[in-house]
Amino acid sequence: MTLTPFLILAVLLLLAVASFSLIYRRHLAGTNAVERQLVVQILDKQSITLSDAQPGQESEAYWVFVQPLKGGPKREFQVGPHYFHALTPGDQGTLTYRGQQFLHFALKR
């Protein structure tokens, strides 16, 4: 039996793992992701107390949940305390993000 089918299978497996890694890093982890903007409405917000916070670190994590106005999936972003306290459910504006990372929210007046 020749080694060629096994070599081809190994190369295809290596290509599959490499492409999965690239897609995961770009789309889910946000590495080298493109900065995007969406017009959204704030649906809800939530703060979670962190039980393992070290002294000098933030003791809570803040999240906002948004829905694009032109349709699309609901999303959630972790935000800083200043955005968390400034935004209220029902607010509309332009959300700037990169992958899963929240960058900025400009409130529509």
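Every value quoted in this text rests on a predicted model; they were computed, and no experiment measured them. (Residues numbered from 1 in each chain as written. Predicted model: local features only at pLDDT ≥ 70, side-chain atom pairs only at ≥ 80, totals over all residues. Heavy atoms only, no water.)

Observations regarding the overall build of the protein chain
Defined as follows: Only DSSP runs of H or I reaching four residues or more are called helices, and only runs of E reaching two or more are called strands; each is numbered from the N terminus. Only protein chains enter the calculation, and the probe is 1.4 Å; a residue is then buried if its accessible area is under 20% of its type maximum, exposed if over 50%, and partly exposed in between. Here a residue-residue contact requires only that any non-hydrogen atoms of the pair lie within 4.5 Å. The protein chains shown are the only cover counted for residues, whose accessible areas, like all others here, come from Shrake-Rupley with a 1.4 Å probe. Counted as positive: Lys and Arg. Counted as negative: Asp and Glu, with His and the chain ends omitted from the count. Here the site of a charge means NZ on Lys, CZ on Arg, CG on Asp, or CD on Glu.
Regarding its fold elements, the protein chain presents two helices and five strands. Shown N-terminal to C-terminal, the secondary structure of the protein chain runs as helices and strands in the order α-β-β-β-α-β-β. Principal-axis analysis of the C-alpha atoms places the extent of the protein chain at approximately 70 × 40 × 20 Å. Across the 109 residues of the protein chain, 21% fall into the buried class. For the protein chain, the share of sequence-separated contacts (at least 6 apart) that also reach a separation of at least 24 residues comes to 43%. Accessible surface for the protein chain amounts to roughly 8,100 Å². Of this, 59% is attributable to carbon and sulfur atoms. Charge separation in the protein chain, taken as the distance between the mean sites of 10 positive and 7 negative side-chain charges, equals 14 Å.

As for the nonpolar core
Keep this limit in mind: Throughout, nonpolar core names a set of buried Ala, Val, Leu, Ile, Met, Phe, Trp, Tyr and Cys residues whose side chains join them through atoms within 4.5 Å.
Val-66, Phe-77, Val-79, Leu-95, Phe-102 and Phe-105 are the most contacted members of the largest nonpolar core, which has 14 residues in total. Broken down by secondary-structure element, the contributors of at least two residues to this core are β1 (35-49), β2 (60-68), β3 (75-79), α2 (81-86), β4 (92-98) and β5 (101-107). The element contributing the most residues to this core is β2, with three residues.

Let's talk about the side chain of Asp-91
The condition that has to hold: The term salt bridge refers to a side-chain nitrogen of Lys or Arg lying within 4 Å of a carboxyl oxygen of Asp or Glu. Here a polar contact is taken to be a pair of N or O atoms separated by no more than 3.5 Å, where protein atoms must pair a possible hydrogen donor with a possible acceptor and residues adjacent in sequence count only if both atoms sit in side chains.
Take Asp-91: it is sitting in the loop between α2 and β4. Buried within the structure, Asp-91 lacks any salt-bridge partner; its nearest side chain of opposite charge belongs to Lys-45, at an N-O separation of 7.5 Å. A polar contact of 2.9 Å, which involves the side chain of Asp-91, links it to the backbone nitrogen of Thr-88. Every residue in contact with Asp-91, bar those within four places of it in the chain, is listed here: Val-40, Gln-41, Ile-42, Ala-86 and Leu-107.

Observations regarding the sheet that holds β4
Applicable threshold: By the convention used here, strands pair only if DSSP detects at least 2 bridges between them. What counts as an axis is a line fitted to C-alpha atoms, over the stretch in contact for a helix, and the angles between N-to-C directions run from 0 to 180 degrees.
Read from one edge of the open sheet, five strands run β3-β2-β1-β4-β5, paired in antiparallel fashion. Of all the strands in the sheet, the pair left with one neighbour each is β3 and β5. The mean angle between the axes of side-by-side strands here comes to 45°, regardless of whether they run parallel or antiparallel. Here five bridges tie β2 to β3, and the two strands are oriented antiparallel to one another. Bridge pairing in β3 links Tyr-62 to Val-79.

Quick word on the confidence of the model for the protein chain
This is how the line gets drawn: Summary of the metric used: pLDDT quantifies the predictor's per-residue confidence within the range 0 to 100.
Residues at a pLDDT of 70 or more form 94% of the protein chain, whose mean pLDDT is 88. The weakest mean pLDDT in the protein chain belongs to helix α1 (residues 4-28) at 86; the strongest belongs to β2 at 95.

Thoughts on the pairing of β5
Pairing geometry for β4 and β5, over six bridges, is antiparallel. Following the sheet pairing, Leu-95 is matched in β5 by Phe-105. Where β4 folds back onto β5 in an antiparallel hairpin, the turn is made up of two residues, including Gly-99, whose phi is positive at roughly 65°.

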